[in-house]
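Listed below, chain by chain, are the residues.
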Amino acid sequence: MTRALLIEGHDRLQLSAGWEACATPPGTADPGDGGVTGWLPAAVPGTAAGALAAAGLPYRERPLDDEDWWFRLQLPEMAGAGEETLVLEGVATLADVLLDGAPVDAIESMYLRHEVPRDGAGTLTLRCRGLGPVLAGRHPRARWRTRLVADGALRFQRTTLLGRMPGFADGPVVVGPWRPVLLERRRSFAVDRVRTSAELRGGDGIVRVDAALRPLGGEIRAARLEVAGASGRFAAAALVAEDAAGIRITAAVVVPDPARWWPATHGEPALYEVALIVDTDAGPRRIDLGRHGFRTLEVDLDPFTVRLNDVDLFVRGASCLPFDEVGLAAAPERVDRLVAQAVRAGMNMLRLPGIGAYAPAAFHTACDERGILVWQDLMLANMDYPVADDRFRDLLVREIGDLADDIAHRPSLAVVCGGSEIEQQAAMLGIDPGVARGELLDGLIPEALAAAGIEAAYVPSTPTGGDLPFRPRAGIAHYYGVGAYLRPLDDARRADVRFAAECVAVANVPAEATLRRLRRTDPARALPGAPAWRAATPRDNGAGWDFEDVRDHYLATLFGVDPALLRATDPDRYAELSRHVGAELVRGVFGEWRRAASSSRGGLVWWMNDLRLGAGFGLIDAGGRPKAPYWAFARLLAPVAVWLTDEGTNGVDAHVANDTADAVQGELQIRLFARGETLVAEAARVIQVPARTTLQLGVEELLGRFVDAAYAYRFGPPGHDVVAAVLTVGDRVLRDVHLPLGPPAERAAPAATCVVAEVSPARPGEPVRVRLTTTRFAYGLGVDAEGFQPEDDGLLLEPGGTATIVLHPLDPAATLAGAVARATNLEGVVAVGE
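Residues numbered from 1 in each chain as written. Predicted model: local features only at pLDDT ≥ 70, side-chain atom pairs only at ≥ 80, totals over all residues. Heavy atoms only, no water.

Brief notes about helix α9 (residues 512–521)
Listing the buried residues of α9 in full gives Ala-513, Thr-514, Leu-515 and Leu-518. Where α9 is buried, its residues meet α10 (531–535) and α13 (571–579). (Buried < 20%, exposed > 50% of the residue type's maximum accessible area, 1.4 Å probe, protein only. Helix = DSSP H or I, 4+ residues; strand = E, 2+ residues; numbered from the N terminus. Contact = heavy atoms within 4.5 Å.)

So, in structure tokens, the structure goes:
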């Protein structure tokens with residue numbers, strides 16, 4: 001199915017202003033003057049928590065599931081004749097729909113779309129009934145229980161686990177119209193169903209449409225399908241046939257030799273506009289069916305491989321929650337920015353995990369347009385879902401049908417997954433994972449996906465495969481060896497991970513700019529180790545540790561410091577060093593997996609973005625500012641990249657990847673430095689990297705002699721402590737650094753004597769370019785400029801190296817007053833600009 005984006009001649013009004021909300025005790029028949037809260041202004045799409053927050057009332061700890069919440073709106077008048085319909089895109093979770101006080105519909109799932117005739121009503125009321133009393137009732141016993149979910153009875157309800165997973169997603173629960181509410185006036189006809197598809201057959205692209213229209217007092221005479229894109233405009237007459245349900249329209253358009261849709265890492269995401277033009281009594285009416293793309297896609301599950309347009313992909317990305325923690329809805333421009341940040345980070349896939357909610361259309365549109373593949377989970381996770389329950393089955397099948405309307409036709413859709421950790425939860429309790437899959441994952445869901453027209457690859461759940469689903473060397477893994485299980489970095493190679501649908505979870509410290517903001521607005525949350533700080537740190541429910549402890553473990557092993565002592569005596573330095581831990585883990589894990597000799601086909605970091613400011617899993621904080629691991633990911637996973645790996649007694653290897661469609665030629669320089677500043681060896685070679693290829697070259701092979709590059713033989717004191725690789729391709733300079741003795745914990749010299757910062761002048765409101773040159777190795781080099789967002793940060797810059805950081809103003813009036821360049825291993829800062 002395909003959701004019609006715009007229908008000419010129809011009016012569509014999003015009802016976002018003028019709403020009020022209030023809470024009452026559960027079971028209250030009439031909210032009266034506003035129950036226990038009084039009537040509060042409410043934003044829609046939005047939630048009860050959002051209304052409380054906007055009113056300055058406590059919301060985070062409020063037991064919203066133990067109240068009924070009412071949302072009401074005086075409906076506007078719409079001019080002209082036609083069929084008026086209220087469209088409720090999503091209401092959480094059990095709700096009654098009332099028009100002028102009379103019940104007209106009942107909602108049993110937050111994921112279903114409902115349409116209600118207006119019938120002249122003046123007031124729309126939504127009564128969202130509290131889940132608490134429903135969950136407290138008697139339910140059939142589950143075959144297994146999970147500690148990760150607050151109440152096992154939630155398995156019977158089609159609602160999100162956000163707010164209901166202590167330690168992982170413990171914000172406010174979602175109650176209310178979290179998706180848009182629309183008022184539509186339909187003229188000439190109503191679109192009851194439409195399904196589109198775009199496929200490649202031989203050298204041609206074929207777009208098909210199958211639509212069911214219901215005439216509204218007029219006649220539909222003819223129709224044609226139009227396709228427009230990079231290859232030109234194409235059209236075909238449609239077959240119009242009448243049946244008992246109305247009018248059925250079918251058509252197909254052939255596009256010769258179309259431009260293919262590629263992920264941004266491998267090419268351009270070419271798209272084609274698709275529209276159905278319907279001739280009616282009132283004239284032609286255009287139905288906009290969105291933008292489609294042509295690509296071939298094959299996905300093998302074991303061993304995992306994604307083959308797009310006959311090219312095997314190294315898949316890299318993250319799990320993503322494109323939402324606001326409180327109101328859940330997020331502005332389209334914020335969602336688009338998140339996808340753009342994924343592209344900037346060298347990602348080609350984002351996963352929508354089963355603990356969240358289905359993403360808004362703006363997310364999928366951004367992925368189509370920017371070239372990001374989507375791994376779509378059904379909103380199922382951890383629990384033993386009641387597949388034998390007729391109500392549950394019906395709601396889930398309808399949910400899949402509604403989901404198909406939004407995503408089935410999209411070129412970005414790659415994988416649909418039955419959920420997260422369902423097989424694993426059962427297997428870890430000694431239950432056969434095949435029993436956990438059973439009728440739900442192996443029967444009901446794939447059958448419903450096929451009936452809904454979703455043709456993406458189907459993965460029953462993750463992790464999956466092998467003798468036990470959580471063994472990482474087979475099937476699709478959740479790899480936390482480096483991370484929660486405190487394994488050394490070389491475990492990323494030893495574990496032989498083919499593909500990790502989740503990996504590298506650590507409590508990532510936000511950027512200094514975010515901590516400065518918190519120090520001004522909420523000082524307790526900006527103090528490492530304080531209770532308010534740790535409240536935003538993820539943890540396993542019931543565990544005696546959290547992911548701050550995981551990060552501290554790697555802080556100690558990588559940097560050689562005592563985390564507790566450093567936090568107590570110098571919290572700012574503790575935060576500064578901790579910020580780089582996640583970056584070192586990203587470099588260590590993905591540097592191993594992207595090698596040509598690796599059997600890995602990639603991985604998805606657990607998480608892309610935080611929903612709450614603090615040291616969460618996210619590569620990007622809740623304010624949209626990237627953290628240190630994001631920048632490490634962007635450099636290592638770029639379409640063309642260079643990086644170094646420690647091969648022990650085999651030395652250090654340099655790797656150059658080229659995912660693009662064209663060969664790349666450049667000069668690769670290898671330089672070794674002692675004491676972070678003295679050049680002791682160097683070599684250069686012009687290399688050519690064929691399209692879609694990764695090269696592997698030994699550092700000592702390039703140097704032409706043995707230098708114990710990895711400091712593995714240890715015949716004496718180390719002869720160097722920095723190994724730098726610099727690849728120059730045209731005007732691009734790519735680099736990486738390997739540190740045989742580990743990352744530096746101490747400050748070695750004053751930054752003012754080592755770093756020079758030159759600013760290219762720019763007019764107010766335009767990006768500023770800062771050119772940084774260093775005479776000494778700089779670890780974590782960057783520019784702090786209030787009111788600006790850098791294009792890069794946390795650089796590893798070799799002595800004599802030069803890098804340019806572009807600063808984008810967040811406000812046209814922003815200036816460089818107070819801006820500084822700083823490096824983690826250099827004392828003090830260097831003034832930049834004014």
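There is more to say, and it comes next.
Focus on the environment of Ala-361
Here Ala-361 lies in helix α4 (residues 361–370). Among the residues examined, Ala-361 registers a relative accessible area of 40% and is labelled partly exposed.

Focus: the environment of Pro-26
Along the chain, Pro-26 falls in the loop between β3 (19–24) and β4 (40–42). Residue Pro-26 is classed as partly exposed on the basis of its relative accessible area, which comes to 43%.

Here we look at the pairing of strand β19 (residues 283–292)
Side-chain positions along a regular strand alternate between the two faces of the sheet. Of all ten residues in β19, seven are buried; the element is thus mostly enclosed. Bridging between strand β1 (residues 6–7) and β19 involves two bridges; their strand directions are antiparallel. Residue pairing in the sheet places Ile-7 in a bridge with Ile-287 of β19. Pairing geometry for strand β18 (residues 272–280) and β19, over eight bridges, is antiparallel. The residue of β19 that forms the bridge with Ile-277 is Arg-286. A loop of two residues connects β18 with β19, the two strands running antiparallel in sequence. (Pairing = 2+ DSSP bridges.)

A look at the sheet that holds strand β11 (residues 181–186)
Taken together, the four strands give an open sheet; going across it, the order is β2-β11-β6-β9, and neighbouring strands pair in antiparallel fashion. Each end of this open sheet is capped by a strand with a single partner; those strands are β2 (11–14) and β9 (114–117). If you compare each strand with its neighbour and ignore which way they point, the axes differ by 25 degrees on average. Two strands pair when backbone bridges link them, and strand β6 (residues 83–88) and β9 are joined in this way by four bridges, in the antiparallel orientation. Bridging from a neighbouring strand, Thr-85 pairs with Pro-117 of β9. (Axes fitted to C-alpha atoms, helices over the stretch in contact; angles between N-to-C directions.)

Considerations on the pattern of salt bridges
As enumerated under the stated definition, the model contains 74 salt bridges in all. With its nearest N and O atoms 3.4 Å apart, the salt bridge here joins Glu-584 to Arg-587. Of this pair, Glu-584 and Arg-587 both sit in helix α14 (residues 581–593), three residues apart, roughly one helical turn. By relative accessible area, which is 21% here, Arg-587 ends up partly exposed. Here Arg-594 and Asp-659 are joined by a salt bridge, their closest N and O atoms 2.9 Å apart. Here Asp-659 lies in the loop between β32 (652–658) and β33 (664–674) and Arg-594 lies in the loop between α14 and β30 (602–605), a separation of 65 residues in the sequence. (Salt bridge = Lys/Arg side-chain N within 4 Å of Asp/Glu carboxyl O.)

Quick notes on the packing of aromatic side chains
Given two aromatic rings, one states the distance between the centres and the angle between the planes to describe the pair. Counted according to the given criterion, the structure contains 17 aromatic pairs. A centroid spacing of 5.2 Å and a plane angle of 70 degrees characterise the contact between Tyr-272 and Phe-294, whose relative ring orientation is edge-to-face. Here Phe-294 lies in the loop between β19 and β20 (297–301) and Tyr-272 lies in strand β18, a separation of 22 residues in the sequence. For the pair formed by Tyr-272 and Phe-294, the shared burial category is buried. Taking 5.4 Å as the distance between ring centres and 85 degrees as the angle between the ring planes, the aromatic pair formed by Phe-706 and Tyr-713 counts as edge-to-face. (Phe/Tyr/Trp six-rings, centres within 6.5 Å; stacked < 30°, edge-to-face > 60°.)

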